[in-house]
Amino acid sequence: MPSPAERAIARRATRQLLVGAVVVGLSFGASAAAAATTYASTFTTAASRAQIAATTGADRGLAVVLGPTRGIDTVGGYTVYKGFVFLTTIGAVWAVLAGTRLLRGEEDHGRWQLLVAGATRPGRATAAAALAIGVVAVVVTVLTGLIVAVAGRSPDVGFSPGQSLAYGASLGLVVLSFGAVGAVASQLGGTRRTANGLATVVVAVAFVLRMLADTADGLRWLRWATPFGWTLLVDPFGQPAWGPLLLAVVVSVALGALAVVLAGRRDVGRGLLARHDDRPARLGGLGSTIGLATRLEGPTLLAWCAGIAATGLLYGMVANLVTSDLPESMTSMLDRFGARGTLVDQYFGVVFLLVACVAALIPANQIGAAADEETSGRIVRILAGPTARARWLGERLALAAVATLVAALLAAVCTWAAAAAQGVPIGLVTLLGAGLNVVPSALLALGVGAVLLAVAPRHAGGITYVVVLLSVVLDLVASMVSGWAWLDQLSIFHRLALYPSEPVSVASTVGVLVAAVALAGVAVAAFARRDLHPA
Amino acid sequence: MGVAVRTEGLTKRYGSTVALDHLDLEIEAGEVFGYLGPNGAGKSTTIALLLGLIRPTSGSAAIFGLDVARDAVALHRRLAYVPSESALWPSLTGEEAMHLLAELHGTVDEAYRDELVERFHLDPRKRIRAYSHGNRQKVLLVAAFASRADLLLLDEPTTGLDPLMEQVFRSCVHDAKARGQTVLLSSHILSEVEAVCDRVGMLRAARLIEVGRLGDLQGIGGQRVRAELHGAPPRLDGLAGVSDVTISGNVMECEVTGPIGPLLEALAPAGIEHLVTRTPSLEELFVARYGDGA
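Description of the structure in this document.

Each value, and the rule that gives it
- Residues numbered from 1 in each chain as written.
- Chains lettered and ligands numbered in written order.
- Predicted model: local features only at pLDDT ≥ 70, side-chain atom pairs only at ≥ 80, totals over all residues.
- Heavy atoms only, no water.
- 1 Å grid on protein atoms, 1.4 Å probe; cavity = no way out; pocket = protein on both sides within 12 Å on 5 of 7 lines; lining within 4 Å.
- Points joined across faces, edges and corners; volume = space filled by probe spheres on them.
- Helix = DSSP H or I, 4+ residues; strand = E, 2+ residues; numbered from the N terminus.
- Nonpolar A, V, L, I, M, F, W, Y, C, P; charged D, E, K, R; others polar.
- Salt bridge = Lys/Arg side-chain N within 4 Å of Asp/Glu carboxyl O.
- Buried < 20%, exposed > 50% of the residue type's maximum accessible area, 1.4 Å probe, protein only.
- Pairing = 2+ DSSP bridges.
- Contact = heavy atoms within 4.5 Å.
- Axes fitted to C-alpha atoms, helices over the stretch in contact; angles between N-to-C directions.
- Expected span 1.5 Å × (residues − 1).
- Buried area = accessible area lost by both parts, 1.4 Å probe.
- Polar contact = N/O pair within 3.5 Å; in protein donor to acceptor, adjacent residues only side chain to side chain.
- Phe/Tyr/Trp six-rings, centres within 6.5 Å; stacked < 30°, edge-to-face > 60°.
- Lys NZ or Arg CZ within 6 Å of the ring centre and 35° of its normal.
- Core = buried A, V, L, I, M, F, W, Y, C linked by side-chain atoms within 4.5 Å.

**Overview of empty space enclosed by the protein**
Next up, step 1: A full pass over the atoms with the stated rule returns seven cavities of 30 Å³ or more.
Next up, step 2: Taken as a whole, the largest cavity spans an internal volume of roughly 190 Å³.
Next up, step 3: The wall of the largest cavity is formed by 14 residues, among which A:Arg381, B:Ala80, B:Tyr81, B:Leu101 and B:His105 lie closest to the centre.
Next up, step 4: Looking at the lining of the largest cavity, the elements that each hand over two or more residues are helix H15 (379–383) of chain A together with strand S6 (79–82), helix H3 (94–105) and helix H5 (133–146) of chain B.
Next up, step 5: Here the residues of the lining of the largest cavity are counted per class, giving ten nonpolar, three polar and one charged.

As structure tokens, this is what we get:
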């Protein structure tokens, strides 16, 4: 029987994640409902659907990049395909962050120690907190399922409640699985950053395994090896299969149990992979505030760069597969993302939309890191000395901006190198342009985050992530539902041209940059005048 | 000696909560000023205002003639701050943290820093993460004292230090005073304030209720007298300066403000066998001032 302390831990953990889970569930549901409704109203006849299926249904390249195209002659098949890569990736990243927040972030802040000092033990407390991951996976499943079921009541769409729930579960299982991965990573890493890094590697491996599984029929069994594959295996709108869901539950419970065992065996406040506690001084970067910021954030920024470089390499490598021997009618599929021009240009236009999403997450991460300096009280060590507040924030924003620029250019170089090696006719200069093109929208995210930091430091990091992820979802929804195109104006990607498939408007680009700089300026001025957050 | 810290009507409100109410305070350059008060009286708020970390609702504060908000950067070169909650970067070692703080501050007496590391028994090779609270506190104390700043703002700086380290801290404050540095020491440890401070200010419910030399403050409270008498104690009603009289058997206790002569004359007929007088400790003063809980 859980003790009152353990019940309190479970309740508190659930409360911490609930708002995020509701946002994720509503976004997933809205995005899928929009995809289903659009498809049903655009391709009204069986003939038009059959034509799409005939031309693109068997296309392997597209399946590798964006998910299964086999079922796109049905509303359900298209709905799964349309949201697959975006929604599962968002779900996985959010779940990892949620899991490490509960089980490592709290410990980093010293609050976990207070909880464990209650009538419980570290292992049992971990089990209680991990329960919250299960709860939020159910919340995501039910909310997504409900919204899709409402959309499914339309006879044109025609989803049964059971199918809708299965679709919700196919996304909820991603949250459950990677939340559990985050729980185990929290036991291994000695800090939340290390735990996030470890868990993100698992997400990346799972992502690549799913891609591999779709490269050849002989490799399809690989879908069973990754949560992203399980999502596809559920096949919610065909013959819903509950086996993959059961597998996800079993694996997650096993991972949860592993986390509980590991938590019982390690010292509270340390990770199993803890480093030595004493070492000779390394004074690099400790001579200035910008040096300190670079030293503290360097490992994280390198990880982001590595991630975005890997994304570039991956999409560069499969570029040949996607763009060669593709029937002309394929254009209509890519058209749905608003891409135009030659097939190669269209492909890279969509790839750099993905790069834009990742690049915009770097400012969100850095705003969170800057806010943490303040809420932890460490910022006072700097601001009680002769450093102006405006300078401190200005330097942090500049560091984030430079890192974003470097990451975008790195993505361009890696994409080009991998594509050129496969003989895809695309120039380095073109892709460098595509890389630069994603920077203004990312800087807009930085400006928005800076204002949030100047107003509400406690929540700045989290809200900035939400702004970026919601922008992705809004962009998806707005691009599909004609009446909802206005939604796109709320997105930080509103002015983003899908270069090289769309021409870049200089006026738009300059406008976005000016807006970003203006927001940053307002933020720095406001930050210099307000009370610091008490530690 | 000039004025190091001067506040005029310094007030901080959070909504309807008054954290600091019209503080008028002057601290002379070169003095060690003790800042006393129960939890939540406004001690840390005062120091946060002096550091420019929060903005006053009204009133003003200046240090060495410089405005604490407008001239913060220039001013902060001349002061060092030690809080009771030592938030530091957990991945840095003690030595790295001290190096960083010295670099950011701009001045450091390296020989003195090395000496302080010895005196505080600090192992600078360890990561902040692995330090106890007391050891993290030592890192900040060493950095602050080694900066040789003109003004030290110390906000309950010895929380977590053991009694031996407390002695080292006191000797550091004495050294700082001997060098002409000014110290504002907010503290709960009254023996600490008694040992190192020249003057004391007492805060209660956001207001400064008492400022003065320690001796003067103790004079306000008068002295405690305990007398064992040969015969039954006489009635002391109406005797000037005598209050709080308790009698049990042949033992009389009371409080006397002003000259003690009249009391002795009154007691003499009963035959004084044993007499003890004692000035109140700061602790008794503190309890007398705050004991009613308000």
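From this point, the discussion proceeds with the structure in view.
**A closer look at the pattern of salt bridges**
Next up, step 1: Under the definition given, this model contains 33 salt bridges over all chains.
Next up, step 2: For A:Arg223, the salt bridge identified is with A:Asp214, shortest N-O distance 2.9 Å.
Next up, step 3: Note that B:Arg170 is salt-bridged to B:Glu166, the shortest N-O span being 3.2 Å. Highlighted residues: B:Arg170 and B:Glu166, both in helix H6 (residues 163–178), separated by four residues, approximately one helical turn.
Next up, step 4: Salt bridges sharing partners connect three or more residues here, namely B:Arg224, B:Arg226, B:Glu228, B:Asp244, B:Glu253 and B:Glu255.

**Description of the pairing of strand S13 (residues 251–256) of chain B**
Residues and elements named next belong to chain B.
Next up, step 1: Along S13, the buried face is formed by Met252, Cys254 and Val256; none of Val251, Glu253 and Glu255, which line the opposite face, is buried.
Next up, step 2: Bridge count for strand S11 (residues 223–229) against S13 is six bridges, and the pairing is antiparallel. Bridge pairing in S13 places Arg224 opposite Glu255.
Next up, step 3: Here strand S12 (residues 242–248) runs beside S13; their pairing, made up of five bridges, is antiparallel. When the bridges of S13 are listed, Ile247 appears paired with Met252.
Next up, step 4: Between the end of S12 and the start of S13, which pair antiparallel, lie two residues, with Gly249 showing a positive phi angle near 65 degrees.

**Topic: the environment of B:Gly2**
All names here are of chain B.
Next up, step 1: In this fold, Gly2 is placed in the segment before strand S1 (3–14).
Next up, step 2: Residues Gly2 and Arg55 lie 53 residues apart in sequence; the distance between their C-alpha atoms is 25 Å.
Next up, step 3: In this structure, Gly2 is in contact with Glu28 and Ala29, ignoring residues within four places of it in sequence.

**A word on the sheet that holds S12(B)**
Residues and elements named next belong to chain B.
Next up, step 1: The sheet built from four strands is open, its strands ordered S12-S13-S11-S14 with antiparallel pairing. Each edge of the open sheet is held by one strand with a lone partner, namely S12 and strand S14 (272–278). Averaged over all adjacent pairs, the angle separating strand axes in this sheet is 15 degrees, with direction ignored.

**A few points about helix H20 (residues 506–529) of chain A**
Because each turn of an α-helix spans 3.6 residues, side chains separated by three or four positions in sequence point in the same direction.
All names here are of chain A.
Next up, step 1: Here H20 spans 35 Å end to end across 24 residues, near enough to the 34 Å set by a 1.5 Å rise per residue.
Next up, step 2: Among all positions of H20, only Ser508, Val512, Ala516, Ala520, Ala523, Val524 and Phe527 are buried.
Next up, step 3: The secondary structure elements touched by the buried residues of H20 are helix H14 (343–375), H15, helix H16 (389–421) and helix H18 (439–455).

**Re the interface of chain B and chain A**
Next up, step 1: With 36 residues of chain B at the interface, the matching set in chain A holds 37 residues.
Next up, step 2: Interface area, chain B with chain A, both sides summed: about 3100 Å², of which 57% is carbon and sulfur.
Next up, step 3: Summed over the three residues of chain B that lose the most area to chain A, namely B:Trp89, B:Leu104 and B:Arg127, the buried surface amounts to 23% of that side.
Next up, step 4: Summed over the shared surface of chain B and chain A, the number is three salt bridges.
Next up, step 5: B:Glu96 serves as the salt-bridge partner of A:Arg295, at 3.3 Å between the closest nitrogen and oxygen.
Next up, step 6: Here chain B is connected to chain A by 16 residue pairs in polar contact (both at pLDDT 80 or more).
Next up, step 7: Of all the secondary structure elements, the ones that give two or more residues to the side of chain B that touches chain A are S1, helix H2 (72–76), S6 and H3 of chain B.

**Concerning the side chain of A:Gln187**
Next up, step 1: Mapped onto the elements, A:Gln187 comes out in helix H7 (residues 161–188).
Next up, step 2: Contacts of A:Gln187, omitting those with residues within four sequence positions, involve A:Leu103, A:Arg104, A:Thr126, A:Ala259, A:Leu262, A:Ala263, A:Arg266, A:Gly271 and A:Leu272.

**Some points on the packing of aromatic side chains**
Residue and element names in this part refer to chain A.
Next up, step 1: For the coordinates displayed, the defined rule picks out eleven aromatic pairs over all chains.
Next up, step 2: Taking the centre distance of 5.2 Å and the plane angle of 45 degrees together, the rings of Tyr39 and Phe43 count as tilted. As far as the burial class goes, Tyr39 and Phe43 line up, both buried.
Next up, step 3: For the ring pair Tyr347 and Phe348, a centre distance of 5.1 Å and an interplane angle of 75 degrees mean the geometry is edge-to-face.
Next up, step 4: Here the aromatic residues Tyr39, Phe43, Tyr78 and Tyr81 are joined through ring pairs into a cluster of three or more.
Next up, step 5: Geometry around Phe527 places Arg389 over its ring, the cationic atom sitting 6.0 Å from the centre.

**A closer look at the environment of B:Arg55**
Next up, step 1: Take B:Arg55: it is sitting in the loop between helix H1 (43–50) and strand S4 (58–63).
Next up, step 2: On a C-alpha basis, the gap between B:Arg55 and B:Thr11 in space is 9.3 Å, while along the polypeptide they are 44 residues apart.
Next up, step 3: A distance of 3.0 Å separates a polar atom in the side chain of B:Arg55 from the backbone oxygen of A:Ala528.

**Remarks on the nonpolar core**
Next up, step 1: Ranked by internal contacts, the top residues of the largest apolar core, which has 238 residues, are A:Phe178, A:Tyr315 and B:Phe145.
Next up, step 2: Once residues lying within four places of it in the same chain are set aside, the contact partners of A:Phe178 are A:Ala92, A:Ala95, A:Val96, A:Val202, A:Val203, A:Ala206, A:Pro227 and A:Phe228.
Next up, step 3: Formed by eleven residues, the second largest nonpolar core is a distinct cluster that contains B:Val225, B:Val242, B:Met252 and B:Cys254.

**With respect to H3(B)**
Next up, step 1: Between its first and last C-alpha, H3(B) extends 16 Å over twelve residues, near the 16 Å set by a 1.5 Å rise per residue.
Next up, step 2: The element H3(B) is largely enclosed, with a buried count of ten among its twelve residues.
Next up, step 3: Those residues of H3(B) that are buried are in contact with helix H11 (289–317) and H15 of chain A together with H2, S6, helix H4 (110–119) and H5 of chain B.
Next up, step 4: At the exit of H3(B) stands B:Gly106, carrying a positive phi of roughly 105 degrees.

**Focus: unusual backbone geometry**
Next up, step 1: Look at the link from A:Tyr499 to A:Pro500: it is a cis peptide, with omega at 10 degrees.
Next up, step 2: Relative to the helices and strands, A:Pro500 is located in the loop between helix H19 (457–480) and H20.
Next up, step 3: Despite not being glycine, B:Phe64 shows a phi value in the positive range, around 50 degrees.
Next up, step 4: Looking at the secondary structure, you find B:Phe64 in the loop between S4 and strand S5 (66–67).
Next up, step 5: Backbone geometry at B:Arg148 places phi at a positive 55 degrees, although glycine is not the residue there.
Next up, step 6: For B:Arg148, the location among the structural elements is in the loop between H5 and strand S7 (151–155).

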